[in-house]
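# Fold and geometry: a report
Spelled out from the first residue to the last, the chains are:
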Amino acid sequence: MSTATVVHGFNTANWALDNSFMVQLTDPGEAYEAACPFYLIDHPEGVAVVDTGLSHDLLDDPAGYGQQGAEHMEAFLPVIDYGPDMHPRAHLDDAGYDPAAVDYVVMTHLHSDHAGHLDTFPNAEFLVHDEELRYANNPVPVQDVFYLEGDFDVLRAGDYDVTPIHGEYDVFGDGSVRTFPTPGHTPGHVSVSVDLPETGTLILGADVAHQQDGYDREHLAAFNHSLAESIESLRAVKARAREADAEVVVTHDNDHLEKFEGGIR
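Residues numbered from 1 in each chain as written. Predicted model: local features only at pLDDT ≥ 70, side-chain atom pairs only at ≥ 80, totals over all residues. Heavy atoms only, no water.

What follows covers the pairing of strand β6 (residues 125-129). Where burial is concerned, most of β6 is hidden: 5 out of the 5 residues are buried. With burial as the criterion, each face of β6 is covered, one bearing Glu125, Leu127 and His129 and the other bearing Phe126 and Val128. Bridging between strand β5 (residues 104-107) and β6 involves 4 bridges; their strand directions are parallel. Pairing of valine 106 across the sheet is with leucine 127, part of β6. Taken together, the 5 bridges between β6 and strand β7 (residues 161-165) define a ladder with parallel strand orientation. (Buried < 20%, exposed > 50% of the residue type's maximum accessible area, 1.4 Å probe, protein only. Helix = DSSP H or I, 4+ residues; strand = E, 2+ residues; numbered from the N terminus. Pairing = 2+ DSSP bridges.)

Okay, the side chain of histidine 117 next. Its place among the elements puts histidine 117 in the loop between β5 and β6. The contact partners of histidine 117, leaving out residues within four places of it in the chain, are Thr52, Gly53, Leu54, Ser55, His56, His87 and Pro88. (Contact = heavy atoms within 4.5 Å.)

Spatial strand order, β4-β1-β2-β3-β5-β6-β7: 7 strands in an open sheet with mixed pairing. For this open sheet the edge positions go to β4 (80-81) and β7, each flanked by a neighbour on one side alone. The strands touched by helix α3 (residues 88-95) within the sheet are β1 (6-18) and β2 (31-43), with β1 carrying the most contacts at an inclination of about 150 degrees. (Axes fitted to C-alpha atoms, helices over the stretch in contact; angles between N-to-C directions.)

Before going further, it helps to examine the layout of surface pockets. Each pocket or cavity is described by its volume, and for the largest pocket that value is around 260 Å³. Counted by class, the lining of the largest pocket contains 8 nonpolar, 5 polar and 3 charged residues. (1 Å grid on protein atoms, 1.4 Å probe; cavity = no way out; pocket = protein on both sides within 12 Å on 5 of 7 lines; lining within 4 Å. Points joined across faces, edges and corners; volume = space filled by probe spheres on them. Nonpolar A, V, L, I, M, F, W, Y, C, P; charged D, E, K, R; others polar.)

Further remarks concern the sheet that holds strand β8 (residues 169-170). Judged by pairing direction, the sheet is mixed, and its 5 strands sit side by side in the order β8-β9-β10-β11-β12 without closing on themselves. For this open sheet the edge positions go to β8 and β12 (247-250), each flanked by a neighbour on one side alone. Here 2 bridges tie β8 to strand β9 (residues 177-181), and the two strands are oriented antiparallel to one another. Residue aspartate 170 lies in a different strand from β9, and its bridge partner there is arginine 178. Strands in contact with helix α7 (residues 227-244) are β9, β10 (190-196), β11 (200-206) and β12; relative to β11, the strand with the most contacts, it is inclined by about 170 degrees.

For the rest of this paragraph, the subject is the pattern of salt bridges. Counted under the stated rule, the structure contains 9 salt bridges. The salt bridge involving aspartate 153 is made with arginine 156; its shortest N-O contact spans 2.9 Å. The class for arginine 156 is partly exposed, based on a relative accessible area of 49%. Note that glutamate 218 is salt-bridged to arginine 235, the shortest N-O span being 2.8 Å. (Salt bridge = Lys/Arg side-chain N within 4 Å of Asp/Glu carboxyl O.)

If you want it as structure tokens, here you go:
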């Protein structure tokens, strides 16, 4: 059976938000410092990155970010911690990878905390669910704040290789790295299943939940596009994990990110 070699997790920023924003009706008024990571999958046939974190260009100059700017992000700057050593380019350099040699970038969705730094990977094939590509241009009002033209405008450029995906998608063609739809947080949200030699199956759940507590109790973010679909997708991930005896990690749980210290094999 083919497997990937290792999965790394790298943090691009820490964003302090009210805990009840991430886990519905839980600890309102208490700040939770959420990591904004991306992942790198090393596979015998190439390298895939999953998500790209929160853009430092955005944080450096919200008003000048993209053709339309993102001035609303200035209000968040006091509660976001980031630095040059947290940029994807710095992380990959420290780990011995060349961003220009990344073969695939899988976008679980296009929210700003997942879709910054796309231009760091100019030679990659970008894999984005077709529904997410459509929705990003006209999201519902409660999610409009999370979709920034400065993030995903490069996907419209002719010199970037973008593949709209639908249903499950086999990234390397051997079944070891697969995306699968988990709509609800956004209409085109996907999660990623990775087969590894020691761990077995690892599921990168992305934002099917925002913390382990929300995952366990099924208390999901109130700003999700569809809470009903979110619950269906979460339960589908749990069923998939039981069937494959898989470990599930969600993007913004800091304890989950710590598991990637040294890589998961």
